[in-house]
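Structure assessment
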Amino acid sequence: MSSHVVRSGRHVSPWLALAGFGAAVAVAALIGGLGVAGTAGEYQSLDRPSWAPPSSVFGPVWTVLYAMIAVSGWLVWRRTGWSSALNWYAAQLVLNALWTPIFFGAGQYGLALIDIAVLWVLIGVTVWKFRPVSTVAAGLLLPYWLWVTYATALNAAIWSAN
């Protein structure tokens, strides 16, 4: 493939595009990070199931997942430009960003459960839409989908107990 990809009549450097996907994911992470700033105590004070991880696990896990999410979107963009598959990708990224402020910022555990359940569905649709374009891109989203499955169960358990 050439060093530049033609999109809408313009040449776009693939590295610039990767930086764009990285920036989009970083914005989602930043919104989430701002939503959890100073909330470790709140998380510790919640009635949580025995299988709930310590708060120190979330940062490293999400760092790896966000990198995989960014590369996944970029791989699809390289093959299709902005496509309907990437609309699903963008929608799930928005719901991802909204979950933390809803859960921690607003303390709305039930509303957060609705958000994460819809997020889970949108990740699945994104995987399904990405698979015909790039199996690698779809595969990069599978750990994210699994983590959100776990997080959905954790959200439900916390909502039920609190």
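Placed above this text is the structure.
Before going into details, it helps to say that this report is about the structure given with it. Bear in mind that the values here come from a model prediction, so they are computed numbers and not experimental data.

Quick notes on the environment of alanine 90
Counting through the fold element by element, alanine 90 comes out in helix H4 (residues 84-105). Taking the C-alpha atoms as reference points, alanine 90 and leucine 122, separated by 32 residues in sequence, lie 9.6 Å from one another.

Focus on the environment of serine 83
Within the secondary structure, serine 83 is located in the loop between helix H3 (58-80) and H4. Among the residues examined, serine 83 registers a relative accessible area of 17% and is labelled buried. For the pair serine 83 and lysine 129, spaced 46 residues apart in sequence, the C-alpha to C-alpha distance is 10.0 Å.

Some remarks on the nonpolar core
Membership of the largest hydrophobic core comes to 44 residues, with the highest contact counts inside it found for Ile69, Tyr89, Phe103, Phe130 and Tyr144. Of all the secondary structure elements, the ones that give two or more residues to this core are helix H1 (14-36), H3, H4, helix H5 (109-130) and helix H6 (135-161). Ranked by the residues each element gives to this core, the list is headed by H4, at ten residues. When residues no more than four places from it in sequence are discounted, the contact partners of tyrosine 144 are Trp62, Leu65, Ile69, Gln92, Asn96, Leu119 and Ile123.

Quick notes on the packing of H4 against H5
Relative orientation of the contacting elements H4 and H5 amounts to 160 degrees, with a least axis distance of 8 Å. With respect to their mutual orientation, H4 and H5 come out roughly antiparallel. Relative to H5, H4 is oriented so that their crossing is left-handed.

Definitions and cut-offs
- Residues numbered from 1 in each chain as written.
- Predicted model: local features only at pLDDT ≥ 70, side-chain atom pairs only at ≥ 80, totals over all residues.
- Heavy atoms only, no water.
- Helix = DSSP H or I, 4+ residues; strand = E, 2+ residues; numbered from the N terminus.
- Buried < 20%, exposed > 50% of the residue type's maximum accessible area, 1.4 Å probe, protein only.
- Core = buried A, V, L, I, M, F, W, Y, C linked by side-chain atoms within 4.5 Å.
- Contact = heavy atoms within 4.5 Å.
- Axes fitted to C-alpha atoms, helices over the stretch in contact; angles between N-to-C directions.
- Parallel < 35°, antiparallel > 145°, perpendicular 65-115°, else oblique.
- Left-handed = near helix turned anticlockwise from the far one by under 90°.

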